Amino acid sequence: MRRAVAAEWAKLWSVRSTWWCLAGAVTLMVLASVTVGGALGSQNGQPRTEALPATEPVVAASIFAQFALVALAMLVVTAEYSSGGMRVTVQAVPVRGRVLAAKALVVAPVLFVAGVVSGAVGAVLTSLLLGLDAFGVPVTLNAGETVADLVRLGVFFALAGVLTVGAGTALRSAAGTLTVVFMLMLGLPLLIMMTGSAALIEASMRLPLFAGLAFMDSAENLTGGPMPYPWGEGLAWLLGWTAAALVAGYVVLRRRDA
């Protein structure tokens, strides 16, 4: 297992796409955090009177920034299938479950650190920019709360990455994986929101996007209403979706030749 993880680690950092995805995640997080923070800095066209936690816009921005990291996790699997490198991988590590576990064990800590770092940069810049008198928004950057929020953000990105690894292993196609993960993480929840059906909206609250928002202790969901369950249940739903994707990937990897 140690050698399998070492091999996956070497493959991850030997391609330029890894660095581009990480740079894209930080850029998206910063731009979206400042933009969302500016929108949250007013209420009905008037400046906010209560303080705005610097991590609140960061959590909202993670909805967009996550896809740069999802692309990174996707390429860890699909790039090998498209290039034929997966044949070499399974010959070197014939135990299929070990191959999948090694990829997940490499992706998870990388995306966790990427989430914490990009979130920290976004929170600091949001605090600095929105703290100016021109915005009229009191911004708080409490150390303890900020660290807790950033850790949750990192865990969310890590689980989203492992979910993508499982989906990519099951689908084996970059286009198919990106489509399915995009629909789960954003497209499907937004489409359900547009239906206006209370039953469908309630069911959609258990999809990975809303589970992630609940886990990150977001005050509101995309409808502007409060999250219907606490962060612990959100984590449970996230873990459930991630486990389901890994099981699907493992079953396909066992049954089909690379």
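Just so you know, the residues in each chain are numbered from 1, in the order the chain's sequence is written. With pLDDT at 70 or above as the cut-off, local features in this predicted model cover only qualifying residues; side-chain atom pairs require 80 or more to be listed or tallied, and sums for whole chains, interfaces and linings still use all residues. Excluded from the side-chain calculation are hydrogens and water; included are all heavy atoms of the structure.

A word on the side chain of Thr-18
Strands here are runs of E lasting at least two residues and helices are runs of H or I lasting at least four, both read from the DSSP assignment and numbered beginning at the N terminus. Of note, Thr-18 is situated in helix H2 (residues 16-40). In this description, contact between two residues means that some pair of their heavy atoms is separated by no more than 4.5 Å. Discounting residues that sit within four places of it in the chain, Thr-18 has contacts with Leu-12, Trp-13 and Leu-72.

Considerations on the nonpolar core
Grouping buried Ala, Val, Leu, Ile, Met, Phe, Trp, Tyr and Cys residues that are joined through side-chain atoms within 4.5 Å yields what is termed a nonpolar core. Note on classification: 1.4 Å probe, protein chains only; a residue is buried when its accessible area is under 20% of the maximum for its type, exposed when over 50%, partly exposed between these limits. Counting 65 residues, the largest nonpolar core has Leu-111 and Phe-157 as the members making the most contacts within it. For this core, the leading source of residues is helix H3 (residues 55-83), giving 15 residues. Every residue in contact with Phe-157, bar those within four places of it in the chain, is listed here: Met-29, Ser-62, Ala-65, Gln-66, Leu-69, Leu-111, Gly-115 and Ser-118.

What to know about the pattern of salt bridges
Any carboxyl oxygen of Asp or Glu within 4 Å of a side-chain nitrogen of Lys or Arg constitutes a salt bridge here. Scanning the entire structure with this criterion turns up six salt bridges. Between Glu-80 and Lys-103 there is a salt bridge, with the nearest N and O atoms lying 2.3 Å from each other. Of the two residues, Glu-80 sits in helix H3 while Lys-103 sits in helix H5 (residues 96-130), which places them 23 residues apart along the sequence. Under the relative-accessibility criterion, Glu-80 is labelled buried at 10%.

With respect to the side chain of Thr-169
Position of Thr-169 relative to the elements: it lies in helix H6 (residues 143-171). Taking relative accessible area as the criterion, Thr-169 reaches 3% and is therefore assigned buried. Distance and chemistry together define a polar contact, namely a pair of N or O atoms within 3.5 Å, with one atom able to donate a hydrogen and the other to accept it when in protein, and with adjacent residues in sequence counting only for side-chain atoms on both sides. Of note is the side chain of Thr-169, whose polar atom sits 2.7 Å from the backbone oxygen of Val-165. Once residues within four sequence positions are removed from consideration, Thr-169 is found in contact with Val-77, Tyr-81, Leu-100, Gly-249, Val-252 and Leu-253.

Observations regarding the confidence of the model for the protein chain
Close inspection of predicted coordinates is inappropriate for parts of the model with low pLDDT. One number per residue, pLDDT, summarises how confident the predictor is, and it ranges from 0 to 100. The predicted model of the protein chain averages 84 in pLDDT, with 85% of residues at 70 or higher. Of all secondary-structure elements in the protein chain, the lowest mean pLDDT belongs to strand E1 (residues 42-43), at 56, while helix H10 (residues 231-255) reaches the highest, 93.

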